[in-house]
Amino acid sequence: MYACAKFVSAPALVRRSSRVLCQPLSASVLSSPEARTEQTWPGTRRAIQTSTAHRDIDTAAKFIGAGAATVGVAGSGAGIGTVFGSLIIGYARNPSLKQQLFSYAILGFALSEAMGLFCLMVAFLILFAM
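Caption draft 1: Geometry of the packing of helix α5 (residues 71-93) against helix α6 (residues 98-128). Where α5 meets α6, the axes come as close as 8 Å, and the angle between the chain directions of the two elements is 175°. Our classification of the angle between α5 and α6 gives roughly antiparallel. Contact residues: Gly72, Val73, Ser76, Gly79, Ile80, Val83, Phe84, Leu87, Gly90 and Tyr91 in α5; Lys98, Leu101, Phe102, Ala105, Gly108, Phe109, Ser112, Glu113, Gly116, Cys119 and Leu120 in α6. Its residues assigned to classes, the contact of α5 with α6 comprises 12 nonpolar, seven polar and two charged.

Caption draft 2: Structural detail: the packing of aromatic side chains. Counted according to the given criterion, the structure contains two aromatic pairs. Here Phe84 and Phe109 contribute two aromatic rings whose centre-to-centre distance is 5.9 Å and whose plane-to-plane angle is 55°, an arrangement assigned as tilted. With Phe84 in helix α5 and Phe109 in helix α6, this residue pair connects regions lying 25 residues apart in the sequence. For Phe109, a relative accessible area of 31% corresponds to the partly exposed category. Ring geometry for Phe124 against Phe128: centres 6.2 Å apart, planes inclined by 20°, an arrangement best described as stacked.

Caption draft 3: Representation of the environment of Ser103 within the structure. Mapping Ser103 onto the fold places it in helix α6. With 16 residues separating them in the primary sequence, Ser103 and Leu87 have C-alpha atoms 9.8 Å apart.

Caption draft 4: Region of interest: a nonpolar patch on the surface. Residues Val73, Leu117, Leu120, Phe124 and Phe128 make up a contiguous nonpolar surface patch of about 490 Å² in total accessible area. Mapping Phe124 onto the fold places it in helix α6.

Rules and cut-offs
Sequence order sets the numbering: in each chain, residues are counted from 1 along the sequence as written. Residue-level local features of this predicted model are given only where pLDDT is at least 70; pairs of side-chain atoms are given and counted only at 80 or more, and the full residue set underlies all totals for whole chains, interfaces and linings. Excluded from the side-chain calculations are hydrogens and water; all other atoms, namely the structure's heavy atoms, are used. Helix axes are fitted only over the stretch in contact, all axes being lines through C-alpha atoms; the angle between N-to-C directions runs from 0 to 180 degrees. Only DSSP runs of H or I with at least four residues qualify as helices, and only runs of E with at least two residues qualify as strands; both kinds are numbered from the N terminus onward. Any angle between 65 and 115 degrees counts as roughly perpendicular, while under 35 counts as roughly parallel, over 145 as roughly antiparallel, and the rest as oblique. Whether two residues are in contact is decided by their heavy atoms: any pair within 4.5 Å suffices. Gly counts as polar in this scheme, as do all residues outside two lists: the nonpolar Ala, Val, Leu, Ile, Met, Phe, Trp, Tyr, Cys and Pro, and the charged Asp, Glu, Lys and Arg. Side-chain rings of Phe, Tyr and Trp (the six-membered ring for Trp) are treated as a pair once their centres are within 6.5 Å; stacked means planes under 30 degrees apart, edge-to-face means over 60, and tilted covers the remaining angles. Accessible area is worked out with a 1.4 Å probe on protein chains only. A residue is then buried under 20% of its type maximum, exposed over 50%, and partly exposed in between. Like-charged residues within 9 Å of one another, or nonpolar side chains (Val, Leu, Ile, Met, Phe, Trp, Tyr) within 5 Å, are grouped into patches, provided each residue has over 30% relative accessible area and no salt bridge. Per-residue and other accessible areas were derived by the Shrake-Rupley procedure at a 1.4 Å probe size, with only the shown protein chains allowed to occlude residues. We define a salt bridge as a side-chain nitrogen of Lys or Arg found within 4 Å of a carboxyl oxygen belonging to Asp or Glu.

Here it is as structure tokens:
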């Protein structure tokens, strides 16, 4: 127990650990001690640097988000199929309501298609605007 307390309270270790705490985790874990020539003092600010790993993660997140946003396009296709399937069933049951049923079907088609286009627009915004 005494040896552990003596090791933790060593002045060189305390100075070294205070410098490491000021660095980002990636800089303190991934870089070797020989490569560290720059000293960081508490209270100093450094510019944000984006590494290739961060850019790859951001790009992957964009593709995943855009893919998740395009799932709504499949829902739009299913909705359009349901609308026109219901139109055919309704027309088969009561042919005299053909014009009214068709106007409702066109309205349902337009709303379903608009939701699909909104999903596609969000996917493109995720890919190209962010």
